[in-house]
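# Results of the structural survey
Listed here are the chains, written in short residue letters.
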Amino acid sequence: MLTPQILSPRFQYAKIAAQSVLVELGNPEPPIDLHPYFKKRGWIVSYEDMGDVDGMTVKVLRPGGVRFVAYISTGDTSVYGGEIIRRRQRFTLGHELGHILMHGKYLLDSEQIPFALPSHVAANMEVEAHWFSSMVLMPNYVFRGITDLLPEQLADRCGVNLTPARKRLRNLSPSIRESLIQSARLDRWPKYDDEDYERCEYIRDRRLDTWDSFEQAFSRSKMVYICPSCSLIHTERIIFGRLCIECHTPIVKVSGI
Ligand SMILES: [Zn+2]
Ligand SMILES: [Zn+2]
């Protein structure tokens, strides 16, 4: 029997595994459906009433090799029209796929009696499977505009619940965050007050100033809204109602980025 040696979560490994799945699926747009990947491998996804358990994977030995069966909990679909459950199931399926790809060789054969993994190894496997699911459902390439930095927007686009979206954003690479913030339009929010602006001797490149202006907009404004369509930042100076003043798309409140 194999003894797994996973001393700490292998985040890079999980990320690469997730990328390889996405490449095989053709880097699809979110929300990302993992069922075709299971189908291609001849693995089974089975939705069962499993009580409190979200998911579980079983390895079945067959004459020609192994087959994995991922069991996903059906859950209570009466709440919020089942959307929360559907999103949880999507994340759980990603989590189980992470176990198969990264820990498949340690998974039990269905006929064997379960052996207890050392608790730190089991815990590290859980972290890895979660990180895999996060990276496969919210890969770097889905981050395109500043509104993707809002947990609610990211969760809606990727079809996951708020908790994993928040976690993903906390771990987003600083270079992606910065480049998304550059896409914010602050042209209706002058960096300087009018007086200061007149005194300013030369006009600086607004693009380079975006980060600075963005932080100032946040520190000086009680309300900051953003247009998901044209990325225009709205503060109390220019908010008239709940629509973008330029393109009339409903604006979204930003409580911090
Ligand atoms: Zn797990
Ligand atoms: Zn707009």
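Scope of this entry: the structure provided in the associated data block. Here the residue numbering is sequential within each chain, running from 1 through the sequence in written order. Each chain takes a letter, starting from A, and each ligand takes a number, starting from 1, following the order in which they are written. The predicted nature of this model means local features are confined to residues of pLDDT at least 70 and side-chain atom pairs, given and counted, to a pLDDT of 80 or more, with totals for whole chains, interfaces and linings taken over all residues. The side-chain numbers reported here are obtained from all heavy atoms of the structure, hydrogens and water having been left aside.

For the zinc ion (ligand 1), every protein donor is listed as H95 (NE2), H99 (NE2), E126 (OE) and E126 (OE), and the spread of their distances is 2.1 to 2.7 Å. Water is absent from the atoms considered, so a metal site may look incomplete; donors are defined as N, O and S atoms within 2.8 Å of the metal, or 3.2 Å for Na, K and Ca. A site with four donors is called tetrahedral when every donor-metal-donor angle falls between 85 and 135 degrees; four donors are called square planar, and six octahedral, when opposite donors sit more than 155 degrees apart and all other angles fall between 65 and 115; any other arrangement is irregular. What the four donor atoms of the zinc ion (ligand 1) show is an angle range of 52 to 126° at the metal, which sorts the shape as irregular. Think of it in three bands: with a 1.4 Å probe and only protein chains considered, a residue is buried below 20% of the maximum accessible area for its type, exposed above 50%, and partly exposed in between. For H99, a relative accessible area of 11% gives the class buried.

Here we take up the coordination of the zinc ion (ligand 2). Those protein atoms acting as donors to the zinc ion (ligand 2) are C227 (SG), C230 (SG), C244 (SG) and C247 (SG), and they sit at 2.2 to 2.3 Å. Of note is the zinc ion (ligand 2), whose four donor atoms meet at the metal with angles of 99 to 125° in an arrangement that counts as tetrahedral. Read N to C, the donor residues that coordinate the zinc ion (ligand 2) are spaced as C-x2-C-x13-C-x2-C. Both residues of the pair, C227 and C230, belong to the buried class.

Time to look at the packing of helix 1 (residues 11–24) against helix 3 (residues 83–103). The axes used here are C-alpha line fits, helices contributing only the stretch in contact, and every angle between their N-to-C directions lies in the interval 0 to 180 degrees. Secondary structure counts use DSSP, requiring at least four H or I residues in a row for a helix and at least two E residues in a row for a strand, with both numbered from the N terminus. One can describe the packing of helix 1 onto helix 3 by two numbers: an axis separation of 11 Å at closest approach and a directional angle of 110°. With respect to helix 3, the element helix 1 is oriented roughly perpendicular. Note on element contacts: helix 3 touches helix 1 through L97, L101 and M102, opposite Y13, A14, A17 and V21. The residue makeup of the contact of helix 1 with helix 3, split by class, is seven nonpolar, no polar and no charged. Roughly parallel covers angles under 35 degrees, roughly antiparallel covers those over 145, roughly perpendicular covers 65 to 115, and oblique covers all other angles. We call two residues in contact when some of their heavy atoms are within 4.5 Å. Throughout this entry, Asp, Glu, Lys and Arg are counted as charged residues, while Ala, Val, Leu, Ile, Met, Phe, Trp, Tyr, Cys and Pro are counted as nonpolar. The remaining residues, Gly among them, count as polar.

Honestly, that's just the spatial picture; any functional story needs more than this.
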